[in-house]
Amino acid sequence: MRTRVQAALLLFVVIAVAAFAVPLLLFTASDRTQQLVLARSADLDRFASLMDQAAATGDTSAVTAEARRFTQLYGEPLVVTDTRRRPVVQTGGMRAADPAVARLLDAALRNQTARPARSLRPWSQGHRMFAESAGTGTRVSGAVVLRASVGTAVEDITRRWALVLAGTALVAVACAILARAATEWVVSPLRRLDRAVGRLAAGLPPERTLPRSGPPPSGETAVGGPPELRELTTGFNRMARTVTAALEQQGRLLADTSHQMRNPMAALRLRVDALHSHLPPSADRTYTGVTTELDRLETLLDGMLALAAAEHRAGELTVTDDSDARCDAVAVAAARHRLWDPVARRAGARLTLQAAAGPVMAACTEHELAQITDILLDNAIKYAGEGAVISLRGVAEGPLAVLTVTDDGPGLTSEEITLATTRFWRSAHQRHDGTAGTGLGLAIAEQLLAGRGGQLELGPAGAGARGLRVRAVLPRAVGGGGGGVRRTPAEGAAGGGGGARHTPVDGAAGTDDEAAGAGADDGSAGAGADGGSAGAGVDGGSADVDDRGVS
């Protein structure tokens, strides 16, 4: 906005200065040209008078001597003739027989004077011709032609134009400085307001600002600019603080509740485990149901904490610059493949890896990309079913780094795909078959990607094919592995939904998002409660998934 306002003000300054300078320049040139014409016309009048006297007395010595002295003094030639065009005096090499001079003499003998028609300019060169008849208006006794040099007049005009242009430049510079200062004064509150909107969208506390009227209190920042904009900025910041405080309290309540419930949950599990040895065999089914529900609650609590952390991190990234964050998506994909391959084999599925030959630098941290990959792989392994083939692929697509998980499981319908990233959402199939999950995994992955300017894309595995394809799309890191792109803040990163793009289902069946099964858990991707780290761990050389151990 500042650029546009400055451009408008500078355009006005240029037009105003030009409207003043151009007429002044033209007037200066015209005035100096008129001075030259008047001076040379006076000389012509004097020589015409001398020629008229010579015609009356028959003595041309006076006009001849005067003409030669004039040429010697000013260096301007002239020709004086009688009524029959016979030269009385010719100086400076100019002759009456010259075609241009002859035309002027004929006009002068017809009582027609000749003067320059156009004003001089700094770039004018050469000379100007003047002609006048001798005698009275009814009787012509001769003609005078003068060739005047314009060098001195042009130098005067050039000097005057330089002074005018220098003054104009100074005025223009002064106006530009004033325009910049005025623009800064007007726009500075708007910039603060824009930053405050960004911080509010990110869930961060706004700056404490006050209208500039004396030293601000400690912790407050004085706001300059027009009074109306100062009051608007201050009022918005007050509103933003109120909204942010309410959001912080809500988020703190969620985090504190999840955290504070861990101890009672742990105590309850210990008591239930201690009670198990005293239960009759007929109560084993009830005991198993209780421990299963405890596991689900612990997973849900971990997932809620992980989602709150992901949303807060995404909000921070919308207003902060973390352009140094980068990792090799190919290396991360290979590492997660090694970790999850034993898990897939135990589940009866086959996990394959397809990766680019060289590094693909993504604009995020290695931990974030690993957490996203764990969510997608955990979903695919859980929901694709036994005998499924799951593909993990990390490649570069132009300015983007793309990590894709594809499976040939049951997938999701087109309606289910649009809901897959909704918090706590699980498909009917996942709920009915009893697969564990919280419905938070994909929501967490979506927030992590949105915070880095990326997005989560869900769609069918292929045209007419079963399964789900989930794509984690991120900008490539600047200068990383074949050119990068600049990360832009994701819109609505701090909000709940918004960073996933759903591709329409082609043909039948839905698919399980690229995560091959992201569906049911809405992306909880098994990463257990945390949905993010997938809780995959290696124990004694084999990979084990602990849905509660999400970091």
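Residues numbered from 1 in each chain as written. Predicted model: local features only at pLDDT ≥ 70, side-chain atom pairs only at ≥ 80, totals over all residues. Heavy atoms only, no water.

**Some thoughts on the overall build of the chain**
When helices and strands are counted, the chain shows 12 helices and 16 strands. Taking all 551 residues of the chain together, the buried fraction comes to 45%. Taking the contacts inside the chain whose residues are at least 6 apart along the sequence as the reference set, 72% of them involve residues at least 24 apart. (Helix = DSSP H or I, 4+ residues; strand = E, 2+ residues; numbered from the N terminus. Buried < 20%, exposed > 50% of the residue type's maximum accessible area, 1.4 Å probe, protein only. Contact = heavy atoms within 4.5 Å.)

**So, helix H2 (residues 61-74)**
With 14 residues, H2 ought to run about 20 Å at 1.5 Å a step, and its terminal C-alpha atoms sit 20 Å apart, in line with that. With its phi angle positive at about 70°, Gly75 sits one or two positions after the end of H2. (Expected span 1.5 Å × (residues − 1).)

**Observations regarding the pairing of strand S4 (residues 140-149)**
Most of S4 sits out of view: 7 of its 10 residues are buried. Direction of pairing for strand S3 (residues 127-135) relative to S4: antiparallel, over a ladder of 9 bridges. Counterpart to Met129 in the pairing with S4 is Arg147. (Pairing = 2+ DSSP bridges.)

**Notes on the packing of helix H8 (residues 329-346) against helix H9 (residues 366-384)**
Here H8 crosses H9 at 35°, and the two axes come no closer than 10 Å. At the point where H8 passes H9, the crossing takes the right-handed sense. The segment H8 lies against H9, with Ala329, Val332, Arg336, Trp340, Val343 and Ala344 engaging Glu366, Leu369, Ala370, Thr373, Asp374, Leu377, Asp378 and Ile381. When the residues that make up the contact of H8 with H9 are grouped by side-chain class, the tally is 9 nonpolar, 1 polar and 4 charged. (Axes fitted to C-alpha atoms, helices over the stretch in contact; angles between N-to-C directions. Left-handed = near helix turned anticlockwise from the far one by under 90°. Nonpolar A, V, L, I, M, F, W, Y, C, P; charged D, E, K, R; others polar.)

**Considering the pattern of salt bridges**
In this structure the tally under the stated criterion is 18 salt bridges. The closest approach of N and O atoms between Arg40 and Asp43, which form a salt bridge, is 3.9 Å. Of this pair, Arg40 and Asp43 both sit in helix H1 (residues 2-57), 3 residues apart, roughly one helical turn. In this structure, Arg40 and Asp43 share a single accessibility class: buried. Notably, a salt bridge pairs Glu368 with Arg452, separated by 2.9 Å at the nearest N-O pair. Of this pair, Glu368 sits in helix H9 while Arg452 sits in the loop between helix H12 (441-451) and strand S12 (455-460), and the two are 84 residues apart along the sequence. With a relative accessible area of 1%, Arg452 lands in the buried category. The network of salt bridges with shared partners includes Arg32, Asp156 and Arg159. (Salt bridge = Lys/Arg side-chain N within 4 Å of Asp/Glu carboxyl O.)

**What about the sheet that holds strand S1 (residues 78-81)?**
Note on sheets: strands pair through backbone hydrogen bonds, and any given pair is parallel or antiparallel. Spatial ordering of the open sheet is given by S2-S1-S4-S3, a layout of 4 strands whose pairing is antiparallel. This sheet does not close on itself; its edge strands, each paired only once, are strand S2 (87-90) and S3. Within this sheet the neighbouring strands show an average axis-to-axis angle of 10°, counted without direction. Sheet analysis places S1 next to S2, joined by 3 bridges and oriented antiparallel. Paired with Thr81 across the strands is Pro87, a residue of S2. Sheet contacts for H2: S1, S2 and S4; angle to S2, the most-contacted strand, approximately 25°. Of the strands in this sheet, S1, S3 and S4 are in contact with helix H3 (residues 99-109), which crosses S4 at around 140°.

**So, the packing of H9 against H12**
It is at 10 Å that the axes of H9 and H12 come closest, and there the two elements cross at 150°. By the angle class used here, H9 and H12 are roughly antiparallel. The handedness of the crossing between H9 and H12 is left-handed. Facing Glu368, Gln371, Ile372, Ile375, Leu376 and Asn379 of H9, the residues of H12 in contact are Gly441, Leu442, Ile444, Ala445, Leu448 and Leu449. Here the residues of the contact of H9 with H12 sort into 8 nonpolar, 3 polar and 1 charged. (Parallel < 35°, antiparallel > 145°, perpendicular 65-115°, else oblique.)

**Looking at the confidence of the model for the chain**
Residue-level pLDDT values for the chain average 76, and 75% of them are 70 or greater. Under a pLDDT of 50 for its full length, residues 210-220 has, in the predicted model, 18 contacts with residues more than four places off or in other chains. (pLDDT = per-residue confidence, 0-100.)

**Details of the side chain of Thr28**
Here Thr28 lies in helix H1. You can call Thr28 buried: its relative accessible area is 9%. Residues contacting Thr28, with those up to four places away along its chain left out, are Arg160 and Trp161.

**A closer look at H9**
Taking 1.5 Å per residue, 19 residues should reach 27 Å; H9 reaches 26 Å between its end C-alpha atoms and fits that length. In terms of burial, H9 is largely enclosed, as 16 of its 19 residues are buried. Just downstream of H9 lies Gly385, where phi reads positive at about 95°.

**Description of the environment of Arg423**
Among the structural elements, Arg423 can be located in the loop between helix H10 (414-419) and helix H11 (428-432). Each C-alpha atom of the pair Arg423 and Ile444 lies 8.8 Å from the other, and the pair is 21 residues apart in sequence.

**Some points on unusual backbone geometry**
Phi at Arg85 takes a positive value of approximately 70°, unusual for a residue other than glycine. Within the secondary structure, Arg85 is located in the loop between S1 and S2. Using a relative accessible area of 33% as the deciding quantity, one classes Arg85 as partly exposed. Phi is positive for Asn111, close to 70°, though the residue is something other than glycine. Here Asn111 lies in the loop between H3 and S3.

**Remarks on the environment of Phe424**
The topology assignment puts Phe424 in the loop between H10 and H11. Taking the C-alpha atoms as reference points, Phe424 and Met304, 120 residues apart in sequence, are found 9.8 Å from one another.

**Some details on the nonpolar core**
Counting 48 residues, the largest nonpolar core has Leu369, Leu376, Val405 and Ile444 as the members making the most contacts within it. Only helix H7 (284-319), H8, H9, strand S10 (389-397), strand S11 (400-407), H12, S12 and strand S13 (468-475) provide two or more residues apiece to this core. The next biggest cluster of nonpolar side chains, apart from the first, holds 17 residues, and it includes Val37, Met51, Ala54 and Phe130. (Core = buried A, V, L, I, M, F, W, Y, C linked by side-chain atoms within 4.5 Å.)

**Looking at the state of the cysteines**
This structure, assessed with the given rule, holds 0 disulfides. Cys327 carries a free sulfur, and the closest cysteine sulfur to it, the one in Cys364, is 3.8 Å from it. (Disulfide = S-S within 2.5 Å.)

**Some thoughts on the side chain of Arg40**
Exposure remark for Arg40: the relative accessible area of 14% places this residue in the buried category. Discounting chain neighbours no more than four positions away, the residues touching Arg40 are Glu76, Phe130, Leu146 and Ala148.

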